[in-house]
Amino acid sequence: MRVPPDGKATKGLRGYLRSLRSPKSNTWYGDLDPRSWRVVVGQARARHLGIGDLRRGAAIVRATRSRGRYLCTLPRSGTNWLFAMLECGLTLSDGGEGSYVLAPDRTPAGDDEWVFDGARSAWPALPRGLAHALVVDRGRAVGEPTFMYGHEPLPQGLLDYRRSRPVVTVRDPFRAAASQARKDGVEHLLAEPRRLVSVADRIERFLTVWDRRLADPSMGSQALVVRYEDLRADPLSNLILIDRHWGLGVDDAVWGEAVERCSWEAMEQAAGTRRDTARISLGATDLPPEMAEYLHERCDGLRTELRVLAGS
């Protein structure tokens, strides 16, 4: 797999050699690039992966690439809720109960994660996340069908978007940035203004890069864009659209049951007393005026087709 043309290129031979000595630990540079295999070795050592783990990971990547199922989401646009509904529907379709728990500190970043009974169908698209998932779900079967998810192009993952059928979720940019600010911690961002800039940069880059990608007719015809606001209003219709786009073959009634099991009320109840988790809505608390003004200035001025769609 080659790195897509909007991937971050290393300038010059010296820059490449520096990158070869110390590649970014969470970036896939392409299957034939030696930096990628240094990333594999680094993750294997850090996570204590054995040969069986590596073979399992390679099988997951091959299966996902062959079918092109890739969920690429704007940060804070319902990522975990959507893949929870997808996991639930696939589990139910496979004869499982569709039950789940909120497992604490389960991601590489130390966030909570929804864990369903049965096989795991959703796998992280970034090297670090996949390596971590191989460890925490070592005794769990790999689901069929399988898909990968992530916030790529931040940074480049294991899938080449040009050879996939991505489902891309978007949200009103200001609302997405405001939600990210709340997740990161308002007080923390006020104390570290550069981090607030990074929040806006992240939203802008996602929309700008995907806008350019989807402008290519060949890519646009392969992608399905889902607005977070539409997903909230009618999750069942959007799950059915994703099913048709990916060829999952799950009955519509099963998706209806997945929507009920993964309703916001049901997931809030499953979270119980753990009100500090980012896996349920953090609430629309007001941001400080200066923070809201900055995010409005950055987000409302975006003039991309995808931004117009996201904010419509």
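Above this text sits the structure in question.
In what follows, the accompanying structure is described. (Residues numbered from 1 in each chain as written. Predicted model: local features only at pLDDT ≥ 70, side-chain atom pairs only at ≥ 80, totals over all residues. Heavy atoms only, no water.)

**Notes on the nonpolar core**
Grouped together as the largest cluster of nonpolar side chains are 41 residues, with contacts concentrated most on Met148 and Leu295. At the level of elements, α3 (51-67), β1 (69-73), α5 (127-136), β6 (165-170), α6 (173-184), α8 (193-214) and α14 (289-299) are the ones that each hand at least two residues to this core. With near-sequence residues (within four places) excluded, Met148 lies in contact with Ile60, Val61, Thr64, Arg69, Tyr70, Leu71, Trp123, Pro124, Ala125, Leu130, Leu158 and Leu159. Formed by 35 residues, the second largest nonpolar core is a distinct cluster that contains Trp81, Leu92, Leu239 and Ala258. (Core = buried A, V, L, I, M, F, W, Y, C linked by side-chain atoms within 4.5 Å. Buried < 20%, exposed > 50% of the residue type's maximum accessible area, 1.4 Å probe, protein only. Helix = DSSP H or I, 4+ residues; strand = E, 2+ residues; numbered from the N terminus. Contact = heavy atoms within 4.5 Å.)

**Quick look at the environment of His296**
Along the chain, the position of His296 falls in helix α14. Residues contacting His296, with those up to four places away along its chain left out, are Phe174 and Gly301.

**Quick notes on the environment of Glu87**
Within the secondary structure, Glu87 sits in helix α4 (residues 79-93). Once the C-alpha coordinates of Glu87 and Val115 are considered, the two residues, 28 residues apart in sequence, prove to be 9.0 Å apart.

**Regarding the packing of helix α11 (residues 235-246) against helix α12 (residues 252-261)**
Where α11 meets α12, the axes come as close as 9 Å, and the angle between the chain directions of the two elements is 130 degrees. Classified by the interaxial angle, the pair formed by α11 and α12 is oblique. For the element pair α11 and α12, the recorded crossing hand is right-handed. Facing Pro235, Leu236, Leu239, Ile240, Asp243 and Arg244 of α11, the residues of α12 in contact are Asp252, Trp255, Gly256 and Val259. (Axes fitted to C-alpha atoms, helices over the stretch in contact; angles between N-to-C directions. Parallel < 35°, antiparallel > 145°, perpendicular 65-115°, else oblique. Left-handed = near helix turned anticlockwise from the far one by under 90°.)

**Quick word on the packing of helix α2 (residues 34-47) against α5**
For any two helices packed against each other, the geometry is given by the interaxial angle and the distance between the axes. Between α2 and α5, the least distance of the axes is 10 Å, while the angle of their chain directions is 35 degrees. Where α2 crosses over α5, the two elements pack in a sense that is right-handed. Note on element contacts: α5 touches α2 through Pro127, Arg128, Ala131, His132 and Val135, opposite Val39, Gln43 and Arg47. For the contact of α2 with α5, the class distribution of residues is four nonpolar, two polar and two charged. (Nonpolar A, V, L, I, M, F, W, Y, C, P; charged D, E, K, R; others polar.)

**Comments concerning the side chain of Thr27**
Note on placement: Thr27 falls in the loop between α1 (12-21) and α2. A relative accessible area of 10% means that Thr27 is categorised as buried. Dropping the residues within four chain positions of it, Thr27 is found in contact with Val39, Pro127, Pro155 and Gln156.

**Some words on the sheet that holds β6**
Taken together, five strands build an open sheet; the order of strands is β4-β5-β1-β6-β7 and the sheet is parallel. One side of each edge strand has no neighbouring strand; the edge strands of this open sheet are β4 (120-124) and β7 (224-227). Taking each pair of neighbouring strands and ignoring which way they run, the sheet shows an average axis angle of 25 degrees. By the bridge criterion, five bridges tie β1 to β6 in an arrangement that is parallel. (Pairing = 2+ DSSP bridges.)

**Here we look at the pattern of salt bridges**
Counted under the stated rule, the structure contains 20 salt bridges. Put simply, Asp111 and Lys183 hold a salt bridge, and the shortest N to O gap is 3.6 Å. In this pair, Asp111 sits in the loop between β2 (100-103) and β3 (113-116) while Lys183 sits in helix α6, placing the two residues 72 residues apart along the sequence. In this structure Lys183 comes out as partly exposed when scored by relative accessible area, which is 30%. The salt bridge involving Arg120 is made with Asp137; its shortest N-O contact spans 2.7 Å. Residue Arg120 is found in strand β4, and its partner Asp137 is found in the loop between α5 and β5 (142-150); the two are separated by 17 residues along the sequence. The burial state of Arg120 is the same as that of Asp137; both residues are buried. Put simply, Arg106, Glu113, Arg120, Asp137 and Arg140 are held in one network by salt bridges that share partners. (Salt bridge = Lys/Arg side-chain N within 4 Å of Asp/Glu carboxyl O.)

**Some words on unusual backbone geometry**
Note the cis peptide between Glu144 and Pro145, where omega equals 5 degrees. A cis amide bond links Glu152 to the next residue, Pro153, at an omega of 25 degrees. Topologically, Pro153 is positioned in the loop between β5 and β6. Positive phi values are uncommon outside glycine, yet Arg76 reaches one of about 65 degrees. Assignment of secondary structure puts Arg76 in the loop between β1 and α4. Classification of Arg76 by relative accessible area gives buried; the value is 18%. Positive phi, close to 50 degrees, is recorded for Asp105, a residue that is not glycine.

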